[in-house]
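Coordinate inspection notes
One letter stands for each residue in the lines below.
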Amino acid sequence: MVSPIFAPAAVSSGVGLEATRRILDGTAEAPRVLILTTFDLDQYVYAALSAGASGFLLKDVSPEHLVAAVRLVRSGDALLAPTITRRLVERFARPEAPAVAAHRGLAALTPREHEVLVLIARGLTNAEFATELHLAEATVKTHVARILGKFGLRDRVQAVILAYETGVVGPSTPDPARQAAAP
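Residues numbered from 1 in each chain as written. Predicted model: local features only at pLDDT ≥ 70, side-chain atom pairs only at ≥ 80, totals over all residues. Heavy atoms only, no water.

1. A few points about the overall build of the chain
Along its length, the chain carries nine helices and four strands. In sequence order, the chain lays out its α and β elements as β-α-β-α-β-α-β-α-α-α-α-α-α. Every one of the 183 residues in the chain was classed for burial, and the buried ones make up 42%. Once local pairs closer than 6 in sequence are excluded, the contacts in the chain between residues at least 24 apart make up 63%. Working note: accessible area of the chain is about 9900 Å², and carbon and sulfur atoms make up 57% of it. (Helix = DSSP H or I, 4+ residues; strand = E, 2+ residues; numbered from the N terminus. Buried < 20%, exposed > 50% of the residue type's maximum accessible area, 1.4 Å probe, protein only. Contact = heavy atoms within 4.5 Å. Areas by Shrake-Rupley, 256 points an atom, 1.4 Å probe, with all protein chains shown as cover.)

2. Brief notes about the pairing of strand S2 (residues 32–37)
Within S2, six of the six residues are buried, which leaves it mostly tucked inside the rest of the structure. Chirality of the crossover, the property in question, places the unit of S2, helix H2 (residues 42–51) and strand S3 (residues 55–58) among those that are right-handed. (Right-handed = clockwise from strand over helix to strand, strands pointing away.)

3. A few points about the pattern of salt bridges
In this structure the tally under the stated criterion is five salt bridges. A salt bridge links glutamate 115 to arginine 112, with the shortest nitrogen-to-oxygen separation between them at 3.1 Å. Residue glutamate 115 and its partner arginine 112 are located together in helix H5 (residues 111–121), separated by three residues, close to a single helical turn. A relative accessible area of 28% means that arginine 112 is categorised as partly exposed. Of the charged contacts, one joins glutamate 113 and lysine 150 as a salt bridge, the two residues approaching to 2.6 Å between their closest N and O atoms. Here glutamate 113, found in helix H5, pairs with lysine 150, found in helix H7 (residues 137–151); they are 37 residues apart in sequence, far enough to count as distant. With relative accessibility at 39%, the residue lysine 150 sits in the partly exposed group. (Salt bridge = Lys/Arg side-chain N within 4 Å of Asp/Glu carboxyl O.)

4. A few points about the environment of isoleucine 84
Summarising the element assignment, isoleucine 84 is placed in helix H4 (residues 82–92). Isoleucine 84 gets classed as buried once you look at its relative accessible area, which sits at 0%. Beyond its immediate stretch of four places on either side in the chain, isoleucine 84 contacts Asp40, Val45, Phe56 and Leu58.

5. A word on helix H8 (residues 156–165)
Buried residues dominate H8, accounting for seven of its ten residues. Listing the buried residues of H8 in full gives Arg156, Val157, Gln158, Ala159, Leu162, Ala163 and Tyr164. Two to three positions downstream of the cap, the backbone nitrogen of valine 157 sits 3.2 Å from a side-chain oxygen, assigning the N-cap of H8 to aspartate 155. Taken from the residues just after H8, glycine 167 is the one with a positive phi, measuring 80°. (Polar contact = N/O pair within 3.5 Å; in protein donor to acceptor, adjacent residues only side chain to side chain.)

6. Examining the packing of helix H6 (residues 126–133) against H7
The geometry of H6 relative to H7 is characterised by a closest axis approach of 8 Å and an angle of 110° between their N-to-C directions. Relative to H7, the element H6 is oriented roughly perpendicular. Counting all contacts with H6, which are made through Asn126, Ala127, Phe129 and Ala130, the residues of H7 involved are Glu137, Val140, Lys141 and Val144. Looking at the contact of H6 with H7 residue by residue, the class counts come to five nonpolar, one polar and two charged. (Axes fitted to C-alpha atoms, helices over the stretch in contact; angles between N-to-C directions. Parallel < 35°, antiparallel > 145°, perpendicular 65-115°, else oblique. Nonpolar A, V, L, I, M, F, W, Y, C, P; charged D, E, K, R; others polar.)

Distances and angles like these do not, on their own, reveal function.
This is the structure in structure tokens:
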């Protein structure tokens, strides 16, 4: 069983980030780390994700949202505070952002895995994937796991970053399910 760990809130001093790195370094079945902080700055979010955190929330989160976040992170999903997600999408989805060369592993994706990667980047849940792609949720989970495995990714947050950094998605990326349904 994977247990979530709350990292120290001292993100600005680097203590929380170093603790995250040490917790995740070299363990066979690493726990999931959820950063809870008052610092709503992109540089801390990026540093936390790079250190291996599976979640990043601000301390003004409601108790209900915090409990839901712990459950999500524990189940293997990743989570960012909504304001942070919005800023990251705006930053990476700008038309003037330079296109990044495709990751060499992108060619290894099946067409369906490519569709799923696009939907991961759009922030859909497994249930939403299943509905949109007309698949069973277990099949969606298999596709997500294969994508994460092919790239050595820990969670969906890293998959979103990969999708934006490699240009798989951008501000005008068409929805694969809607494209397939179009006449």
